[in-house]
Amino acid sequence: MLRKRRTDRDFAEEIRSHLELEADELEAEGASRSEAERRARVAFGNVTTAREQFRQRQRRVWLIGFAQDLRFAIRKLKKSPGFAAVAVVTLALGIGANSVVFSVLNTLLLKPLNAPHAESLYMVQQVIQGQSSPGQSYPNYLDLRDRNRSFDSLGAFAIVGAVGLDTGSGNLSMAWPYLVSGNYFHVLEVHPYLGRFFGPPDIHGQNSAPYIVLAYNYWKRYFQADP
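Calculation rules
- Residues numbered from 1 in each chain as written.
- Predicted model: local features only at pLDDT ≥ 70, side-chain atom pairs only at ≥ 80, totals over all residues.
- Heavy atoms only, no water.
- Helix = DSSP H or I, 4+ residues; strand = E, 2+ residues; numbered from the N terminus.
- Rg over C-alpha atoms; globule rule 2.2 N^0.38 Å.
- Buried < 20%, exposed > 50% of the residue type's maximum accessible area, 1.4 Å probe, protein only.
- Contact = heavy atoms within 4.5 Å.
- Areas by Shrake-Rupley, 256 points an atom, 1.4 Å probe, with all protein chains shown as cover.
- Lys, Arg positive; Asp, Glu negative; His and termini not counted.
- Charge placed at Lys NZ, Arg CZ, Asp CG, Glu CD.
- Pairing = 2+ DSSP bridges.
- Patch = residues over 30% accessible without salt bridge, like charges linked within 9 Å, V, L, I, M, F, W, Y side chains within 5 Å.
- Salt bridge = Lys/Arg side-chain N within 4 Å of Asp/Glu carboxyl O.
- Phe/Tyr/Trp six-rings, centres within 6.5 Å; stacked < 30°, edge-to-face > 60°.
- Core = buried A, V, L, I, M, F, W, Y, C linked by side-chain atoms within 4.5 Å.
- Polar contact = N/O pair within 3.5 Å; in protein donor to acceptor, adjacent residues only side chain to side chain.

Asks: Sorry, what's going on with the overall build of the protein chain here?
Replies: Helix and strand content of the protein chain: seven helices and six strands. Secondary structure elements in the protein chain, listed N-terminal to C-terminal, are α-α-α-α-β-β-α-β-β-β-β-α-α. Over its C-alpha atoms the protein chain spans a radius of gyration of 31 Å, topping by over 25% the 17 Å that the globule rule assigns to 227 residues. Overall, the protein chain is about 95 × 55 × 45 Å in size when its C-alpha atoms are taken along their principal axes. Per-residue burial for the protein chain yields a buried fraction of 15% across its 227 residues. Long-range pairs, those at least 24 residues apart, make up 39% of the contacts in the protein chain with a sequence separation of at least 6. By element, 57% of the accessible surface of the protein chain is carried by carbon and sulfur atoms, the whole surface being about 18200 Å². Treating the 27 positive side-chain charges of the protein chain as one cloud and the 22 negative ones as another, the clouds have centres 9 Å apart.

Here it is, written out as structure tokens:
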């Protein structure tokens, strides 16, 4: 049977109950309520010190338990090196995938967009059999864009996934590019730090605009902010 670990709040409640019971007994013996509470506190001692000692004991218990679990895990992994290798690789892949997903969600959903009038930006979703999906085919996007009567304009983007980009150093650097429609930057109403964005006049059919726009931090890190 697992025993629930006491929290600081539980310990504080235990102290309060103990002082009340002690004060009730002293009051029953003839002391006034204020005097009974004072004597109960004196008999118990410093409440703040007791709570701090409790916190320190809890930390020691947690550290001891963690050390024991760690030693046990290391012994098990040493006995099964193949399993250990698979476990480490699986953890690395899982952590990497979660980091990527969080970065994307943080950029798209959690962190306010660094764009003018960000509060007026919306993501159009389609509903298939009662389930919403942010994904759209490019022909669907073109149809929505041409028939649009609700928004000032509609742009499209797609997250490609990790690619290797040759930055001229001889080694490929990992990048997470987006494919975007020709009016993407016009829709966001943003302006480049350097150079120019591509736009609708650059689009003349499939594969007619093979341009790359570097994120500011990527430009600084891999191109040393070289204009």
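Asks: How should unusual backbone geometry be read in this particular structure?
Replies: Peptide bonds are, in most cases, trans, and in most cases residues other than glycine have a negative phi. The phi dihedral of glutamate 189 is positive, around 60°, even though this residue is not glycine. Along the polypeptide, glutamate 189 turns up in the loop between helix H6 (184-188) and helix H7 (216-223). Within the chain, glutamine 224 stands out as a residue other than glycine whose phi angle is a positive 50°. Inspection of the secondary structure puts glutamine 224 in the segment after H7.

Asks: Can you help me understand the pairing of strand S5 (residues 172-175) in this one?
Replies: Consecutive residues of a regular strand have side chains that alternate between opposite faces of the sheet. Alternating residues of S5 divide into Ser173 and Ala175, all buried, and Leu172 and Met174, none buried. Pairing between strand S4 (residues 163-166) and S5: four bridges, direction antiparallel. Pairing of valine 163 across the sheet is with alanine 175, part of S5. Following S4, the chain reverses through five residues before pairing antiparallel with S5; glycine 168 in that reversal takes a positive phi of roughly 95°.

Asks: I keep staring at a nonpolar patch on the surface and nothing clicks. Help me out?
Replies: Taken together, the side chains of Trp62, Leu63, Phe66, Leu70 and Ile74 present a nonpolar region at the surface, about 510 Å² in accessible area. Within the secondary structure layout, tryptophan 62 lies in helix H3 (residues 47-79).

Asks: Help me understand the packing of aromatic side chains, please; the structure alone is not making it clear to me.
Replies: To describe a pair of aromatic rings, you give the distance between the ring centres and the angle between the ring planes. Scanning the entire structure with this criterion turns up twelve aromatic pairs. Seen in terms of ring centroids, tyrosine 184 and phenylalanine 185 are 5.3 Å apart; in terms of plane orientation they differ by 80°. Their pairing is edge-to-face. With a centroid separation of 5.7 Å and an interplanar angle of 55°, the aromatic rings of tyrosine 193 and tryptophan 219 are classed as tilted. Pair noted here: tyrosine 193 is in the loop between H6 and H7 and tryptophan 219 is in helix H7, with a separation of 26 residues, a long-range link. Ring-pair connections join several aromatic residues into one group, and the members of that group are Phe157, Tyr178, Tyr184, Phe185, Phe197, Phe198 and Tyr211.

Asks: Looking at this structure, I do not really get the environment of tryptophan 219. What am I missing?
Replies: On the basis of relative accessible area, tryptophan 219 is assigned to the buried category, the value being 12%. Note: C-alpha distance between tryptophan 219 and leucine 154 (65 residues apart in sequence) is 28 Å. Those residues in contact with tryptophan 219 that sit more than four places away from it in its chain are Tyr193, Leu194, Leu214, Gln224, Ala225, Asp226 and Pro227.

Asks: Quick question: what am I supposed to make of the side chain of threonine 167 here?
Replies: Secondary-structure assignment places threonine 167 in the loop between S4 and S5. Threonine 167 sits in the buried class, given a relative accessible area of 15%. With sequence-adjacent residues up to four places away left out, threonine 167 is seen in contact with Ser173, Tyr218, Tyr222 and Phe223.

Asks: Can you walk me through the nonpolar core in this structure?
Replies: The tendency in soluble globular proteins is for nonpolar side chains to be buried side by side. Ranked by size, the top nonpolar core spans eight residues in total: Ile15, Leu19, Ala23, Leu26, Ala31, Ala36, Ala40 and Ala50. Contributions of two or more residues to this core are made by helix H1 (8-28) and helix H2 (33-44). Broken down by element, this core gets its largest block of residues, four residues, from H1. Ranked by size, the runner-up nonpolar core spans five residues in total, among them Phe185, Leu188, Phe197 and Phe198.

Asks: Help me understand the pattern of salt bridges in this model?
Replies: Any two side chains of opposite charge can pair, given that their charged atoms come close. Scanning the model with the defined rule gives four salt bridges in all. Two residues, aspartate 24 and arginine 33, come together in a salt bridge whose shortest N-O distance is 2.6 Å. Given the relative accessible area of 40%, aspartate 24 is considered partly exposed. The partner of arginine 145 in a salt bridge is aspartate 146, with the nearest N and O atoms 3.2 Å apart. Given a relative accessible area of 36%, arginine 145 falls into the partly exposed group.

Asks: Would you explain the side chain of asparagine 183 in this entry?
Replies: Summarising the element assignment, asparagine 183 is placed in the loop between strand S6 (178-180) and H6. Here the side chain of asparagine 183 touches tyrosine 141 through a polar contact of 3.2 Å, side chain to side chain. When residues no more than four places from it in sequence are discounted, the contact partners of asparagine 183 are Tyr141, Leu154, Gly155 and Pro200.

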